[in-house]
Amino acid sequence: TQDGLYQHYKAISDATKIPNIMYNVPSRTGCNILPETAARIVKDCANVAGIKEASGNISQIVKLMSLTDGNIDLYSGNDDQVVPIMSMGGLGVISVVANIAPQMMHDMCYKFFEGDVKGSAADQRKMESLFELLFCEVNPIPVKKAVDMMGFEAGTPRLPLTEMTEGDAVRLRLEMISMGTIRYIEQEAMNAACGRITAGGVSRRQVSNTTNGAIVLLTCNHSQKTACADFPARDFAKIAPSRRQLW
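Figured I'd write up the structure that's included with this text.

Cut-offs and rules
Residues numbered from 1 in each chain as written. Predicted model: local features only at pLDDT ≥ 70, side-chain atom pairs only at ≥ 80, totals over all residues. Heavy atoms only, no water. Helix = DSSP H or I, 4+ residues; strand = E, 2+ residues; numbered from the N terminus. Expected span 1.5 Å × (residues − 1). Buried < 20%, exposed > 50% of the residue type's maximum accessible area, 1.4 Å probe, protein only. Pairing = 2+ DSSP bridges. Axes fitted to C-alpha atoms, helices over the stretch in contact; angles between N-to-C directions. Contact = heavy atoms within 4.5 Å. Phe/Tyr/Trp six-rings, centres within 6.5 Å; stacked < 30°, edge-to-face > 60°. Lys NZ or Arg CZ within 6 Å of the ring centre and 35° of its normal. Parallel < 35°, antiparallel > 145°, perpendicular 65-115°, else oblique. Left-handed = near helix turned anticlockwise from the far one by under 90°. Nonpolar A, V, L, I, M, F, W, Y, C, P; charged D, E, K, R; others polar. Salt bridge = Lys/Arg side-chain N within 4 Å of Asp/Glu carboxyl O. Core = buried A, V, L, I, M, F, W, Y, C linked by side-chain atoms within 4.5 Å.

As a further point, take helix H10 (residues 166–179). With 14 residues, H10 extends 20 Å between its outermost C-alpha atoms, agreeing within 8% with the 20 Å of an ideal straight helix rising 1.5 Å per residue. Among the residues of H10, Asp168, Ala169, Val170, Leu172, Arg173, Leu174, Glu175, Met176, Ile177 and Met179 are the ones counted as buried. Following H10 by one or two positions, Gly180 has its phi on the positive side, about 85 degrees.

Below you can see the structure in the form of C-alpha cells.
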C-alpha cells in the first residue's frame with residue numbers, strides 16, 4: 001500500500017543518517033510510488049535526497065514536482081525521457097545507456113544545463129534506436145551483451161535471465177557501430193554473434209554464395225581488423241557509410 005511504502009522509507013530514514021533516494025520503478029516492483037506518497041516521504045524524512053522516476057508517466061512527474069514545489073532531487077529512471085524530465089526540474093538520469101555511452105549521456109545533460117535545449121533534445125532523439133535496443137529484451141540482458149561487445153567480460157546473466165538472442169545481438173552490435181561505441185570488430189567476436197562468418201577471411205565467391213540477406217564487410221578507418229557476416233538487409237543502412245561495403 002502507499003502507507004506501507006511511506007512506513008518503509010520512514011523506517012530506513014530513522015535508522016540511518018546516510019542520504020538515500022527513492023526508486024520508483026513500477027515495471028520491476030509492481031507498485032507505483034504515487035506523487036502524494038513521494039511528497040509525504042520527502043517532507044517527513046530529512047535524509048531522503050531524491051527520487052529516481054521510472055514510472056514513464058510524465059503527468060505523474062509533473063504532479064510530483066508541483067506537490068513538492070520542486071524541492072526534491074529528481075532523476076529520470078528512463079533513458080528515453082531524460083530531456084522531458086529535466087524540463088520539469090530534473091537533475092539528470094540514473095542510466096542504463098551510460099554503461100556503454102557515458103560521454104553521450106553526459107553531453108546530452110550538460111547541453112541542457114548550459115541552455116542548449118535544442119542540442120540536448122537532438123541528442124535524445126539521436127540515441128532513440130540505441131535506447132530501444134538496450135530494452136528489446138529484459139534488462140540487464142542487452143546491456144550485459146553490449147558491455148561484452150566492448151571488450152569487458154560482463155559474464156552471462158543468471159537464470160531465469162538468458163543470453164541475448166542472436167538476432168537482437170546483431171542488431172544491437174550494428175547500432176553500436178553506427179553510434180561509435182564499438183571502435184572495431186574482431187573476427188572472433190562477430191563469430192560469436194553470427195554463425196555465417198568465415199574465420200579465415202571471406203572471398204568474393206564465398207560471399208556471393210550466401211543468399212540470406214545483405215552481405216556486409218565491416219571496417220573501421222583506424223583499424224585493419226575486419227569481419228564479414230550475413231546480416232538482414234534492413235539493418236545494413238544502420239552502419240555508417242564509412243564503415244560498410246556491400247558485396
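The next subject is the sheet that holds strand S3 (residues 73–76). Overall, parallel pairing links the three strands, which are arranged S1-S2-S3 in an open sheet. In this open sheet, the two strands that pair with only one neighbour each are strand S1 (20–24) and S3. Neighbour-to-neighbour, the strand axes of this sheet turn through a mean angle of 25 degrees, independent of strand direction. Where helix H4 (residues 58–67) meets the sheet, its contacts fall on S1, strand S2 (48–53) and S3, and the angle it forms with S2 comes to roughly 165 degrees.

Since the α-helix packs 3.6 residues into each turn, any two residues three or four apart lie on the same face. Burial in helix H9 (residues 141–149) covers these residues: Ile141, Pro142, Val143, Ala146, Val147 and Met149. On its buried side, H9 packs onto helix H8 (128–133) and H10. Downstream of H9 by a residue or two, Gly151 has a phi angle that is positive, lying close to 105 degrees.

Another point: the environment of Asp123. Along the chain, the position of Asp123 falls in helix H7 (residues 117–126). In this structure the C-alpha to C-alpha distance between Asp123 and Met104, which are 19 residues apart in sequence, comes to 7.7 Å. Other than its neighbours up to four places away in sequence, Asp123 contacts Asp107, Met108 and Lys111.

We now examine the packing of aromatic side chains. Inspection of every chain in the model, using the stated rule, returns one aromatic pair. Aromatic side chains Phe112 and Phe113 sit 6.0 Å apart centroid to centroid with 90 degrees between the ring planes, which places their arrangement in the edge-to-face category. A cation over a ring is seen here: Arg40 above Tyr6, with NZ or CZ 3.5 Å from the ring centre.

Turning next to the packing of helix H6 (residues 102–113) against H7. When two helices pack together, their arrangement is given by the angle between the helix axes and the distance between those axes. The interhelical angle for the contact between H6 and H7, taken along N-to-C directions, is 155 degrees, at an axis separation of 7 Å. Our classification of the angle between H6 and H7 gives roughly antiparallel. Crossing of H6 against H7: the hand is left-handed. Listed contacts from H7 to Asp107, Met108, Lys111 and Phe112 of H6 are Val117, Gly119, Ser120, Asp123 and Gln124. The residue makeup of the contact of H6 with H7, split by class, is three nonpolar, three polar and three charged.

Under the counting rule described, the total for this entry stands at seven salt bridges. In this structure, Lys63 engages Glu36 in a salt bridge whose closest nitrogen and oxygen atoms are separated by 2.7 Å. Here Glu36 lies in helix H3 (residues 35–44) and Lys63 lies in helix H4, a separation of 27 residues in the sequence. Using a relative accessible area of 42% as the deciding quantity, one classes Lys63 as partly exposed.

Our focus in this paragraph is the nonpolar core. With 29 residues, the main nonpolar core has Ile100, Met105, Leu134, Leu172 and Met176 as its most contacted residues. Listing elements by their share of this core, those giving two or more residues are helix H5 (82–86), H6, H8, H9 and H10. Once residues lying within four places of it in the same chain are set aside, the contact partners of Leu134 are Val97, Ile100, Pro142, Val143, Ala146 and Leu172. Core analysis: the second largest hydrophobic core is formed by 17 residues, Ala38, Ile41, Leu74 and Ile85 among them.

Turning next to the packing of H9 against H10. Put simply, H9 and H10 touch, their axes get as near as 10 Å, and they point 55 degrees apart. Taken together, the axes of H9 and H10 are oblique relative to one another. For the pair H9 and H10, the crossing hand works out as right-handed. The residues of H10 that touch H9, namely those facing Pro142, Lys145, Ala146 and Met149, are Ala169, Leu172, Arg173 and Met176. When grouped by side-chain class, the residues that make up the contact of H9 with H10 number six nonpolar, no polar and two charged.

Purely geometric stuff here, so don't read any function into it on its own.
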